[in-house]
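# Secondary and tertiary structure notes
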Amino acid sequence: MKTLLGRRTRLLAATTATAGLVLVVAGCSSNGGGSGGATVKGVHLVKAGQLTTCTHLPYPPFQSEINGKVQGFDVSLIDLVAKNLGVKQQIVDTPFENFKTGAFLNSGQCDLAAAGMTITPERKKNVDFSDPYFEATQAVLVGRNSGINSLADVKAKGEKLGAQAQTTGEDYVKGKGYDPISFDSSDAVLNGLRTGQVQAVVIDYPVVQGWLKDKANADKFKVVDNLKTGEQYGFTVKKGNTALREAIDKALKEAKADGTYKKIYEQWIGPYNASVASPAAS
């Protein structure tokens, strides 16, 4: 998965439920949370009364601003974690490349990162991942009248390929010998295809699913390849923040057991696919 550099950071409140009365005790966490903020149910929070989430907008259907609120699949899942802690989720829009280094987690700007981020050995060196919550593939999207019928056709026909910078999709096609044109965000990738800057794009399939729900897009564009790259998405916390990581895993496990995950999946992704929705833990 999926950098937007030089973008002004915005703090946006996500829609969430508040659960009961919670005892909030100021102090430090022994699980890597750092100083300041507050500790709730053994989980250190960088700001009292809220679970602060770093994300990168827009990335529908995982997170995007809809009617003035940040909503999406990731947002709804992290709302469950916030509800269990008895706090509200607050979302900070940040450049994606910082997610790979854990910079905003280490600086205490955010408690966790949720951005449709693929679990990789390289990223594990800098952050701790939750259990995987989604298995993604990469789609090759082209114009219906392009004459392109596969990723191989892009190279054979000498056409331009687009991908989002700093993503596993971009890494994948570079590893296959392609030289893609890089775009800052998933929206920019799709706009590049729409405006003819490129004739094909490689992008996370769930993003394409959502985009093609618009009939105007579906009439003009189609998926010609689905690349199984073995990608699993995970939420990240600061290295050593065991308490928060375990709180996330607990919320995910409960949601899958009681049907809440399936409901959220169908709301944001589409028809439920158990093999994608419940990948084995890494």
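Rules used in this analysis
Note on numbering: residues in each chain are counted from 1, in written sequence order. Only residues with pLDDT of at least 70 get local features here, since the model is predicted, and only at 80 or more are side-chain atom pairs given and counted; chain-wide, interface and lining totals rely on the full set of residues. Computation of side-chain values covers all heavy atoms of the structure but excludes hydrogens and water. Disulfides are defined in this document as cysteine sulfur pairs within 2.5 Å. Numbering of helices and strands starts at the N terminus; helices are DSSP runs of H or I of at least 4 residues and strands are runs of E of at least 2. Working definition: with a 1.4 Å probe on protein chains only, accessible area under 20% of the residue-type maximum means buried, over 50% means exposed, and in between means partly exposed. Strands pair, by our definition, only if DSSP identifies at least two bridges between them. Lines fitted to C-alpha atoms define the axes here, with helix axes fitted over just the stretch in contact, and angles between the N-to-C directions of these axes take values from 0 to 180 degrees. Residue contacts are defined here by distance: any two heavy atoms, one from each residue, within 4.5 Å place the two residues in contact. Should a side-chain nitrogen of Lys or Arg be within 4 Å of a carboxyl oxygen of Asp or Glu, the pair is scored as a salt bridge. Residues belong to a common nonpolar core when they are buried Ala, Val, Leu, Ile, Met, Phe, Trp, Tyr or Cys residues joined through side-chain atoms within 4.5 Å. An arc is given here, and it is the one of the directions from the helix axis to the C-beta atoms. Grid spacing is 1 Å over the protein atoms alone, the probe is 1.4 Å, and a cavity is where that probe fits but cannot get out, while a pocket is an open set with protein on both sides within 12 Å along at least five of seven lines and lining residues have an atom within 4 Å of a point. Grid points are joined across faces, edges and corners, and a volume is the space filled by probe spheres set on the points. Each residue gets one label: Ala, Val, Leu, Ile, Met, Phe, Trp, Tyr, Cys and Pro are nonpolar, Asp, Glu, Lys and Arg are charged, and the others, such as Gly, are polar.

## A closer look at the state of the cysteines
- According to the stated counting rule, one finds 1 disulfide in the structure shown.
- The disulfide that involves Cys54 links it to Cys110, with 2.1 Å between the sulfurs. In this structure the cystine formed by Cys54 and Cys110 twists about its S-S bond by roughly 70 degrees; its chirality is therefore right-handed. Residue Cys54 is found in strand 5 (residues 50-55), and its partner Cys110 is found in the loop between helix 3 (103-106) and strand 9 (112-113); the two are separated by 56 residues along the sequence.
- Residue class for Cys54 comes out buried when judged on its relative accessible area of 2%.

## Regarding the sheet that holds strand 12 (residues 161-164)
- The strand order 13-12-14-11-15 describes an open sheet built from 5 strands, whose pairing is mixed. Where the open sheet ends on each side, the last strands, each with one partner, are strand 13 (181-183) and strand 15 (221-233). Across the sheet, the mean angle separating the axes of adjacent strands is 25 degrees when strand polarity is ignored.
- With 9 bridges joining them, strand 11 (residues 134-143) and strand 15 adopt antiparallel strand pairing. Its bridge partner being in strand 15, Ala139 is matched across the sheet by Asn226.
- Across the sheet, helix 7 (residues 186-194) lies against strand 11, strand 12, strand 13, strand 14 (200-204) and strand 15, angled at about 155 degrees from strand 14, the strand it touches most.

## With respect to the pattern of salt bridges
- Scanning the model with the defined rule gives 6 salt bridges in all.
- Across the pair Glu170 and Lys174 runs a salt bridge, and its minimum N-O distance is 3.9 Å. You can see Glu170 and its partner Lys174 sitting in helix 6 (residues 168-175), 4 residues apart, about one turn around the helix.
- For Lys174, a relative accessible area of 44% translates into the label partly exposed.
- We note a salt bridge from Glu266 to Lys262, for which the minimum N-O separation is 2.8 Å. A residue pair is termed a helical-turn pair when its members lie 3 or 4 positions apart in one helix, as Glu266 and Lys262 do in helix 11 (residues 260-268) at 4 residues.

## With respect to the nonpolar core
- Counting residues in each nonpolar core, the largest one holds 46 residues, and the members touching the most others are Leu51, Phe73 and Phe134.
- Looking at this core element by element, the count peaks at 7 residues for helix 10 (residues 242-258).
- Among the nonpolar cores identified, the runner-up in size contains 13 residues, and Val92, Phe104, Ala113 and Ala115 belong to it.

## A word on helix 7
- Taken together, the buried positions of helix 7 are occupied by Ser186, Val189, Leu190, Gly192 and Leu193. Buried residues of helix 7, viewed axially, fall in a sector of 155 degrees; they line one side.
- Packed against the buried residues of helix 7 are strand 11, strand 12, strand 13, strand 14, helix 8 (205-211) and strand 15.
- A positive backbone phi angle near 85 degrees is found at Gly196, which sits one or two residues after helix 7.

## Looking at empty space enclosed by the protein
- Reported here for the second largest cavity is a volume of approximately 40 Å³.
- Of all the secondary structure elements, the ones that give two or more residues to the lining of the second largest cavity are helix 2 (97-101) and helix 3.
- Here the residues of the lining of the second largest cavity sort into 6 nonpolar, 3 polar and no charged.

## Quick word on the environment of Ala188
- Take Ala188: it is sitting in helix 7.
- When the C-alpha positions of Ala188 and Ala163 are compared, they lie 9.3 Å apart, and in sequence the two are 25 residues distant.

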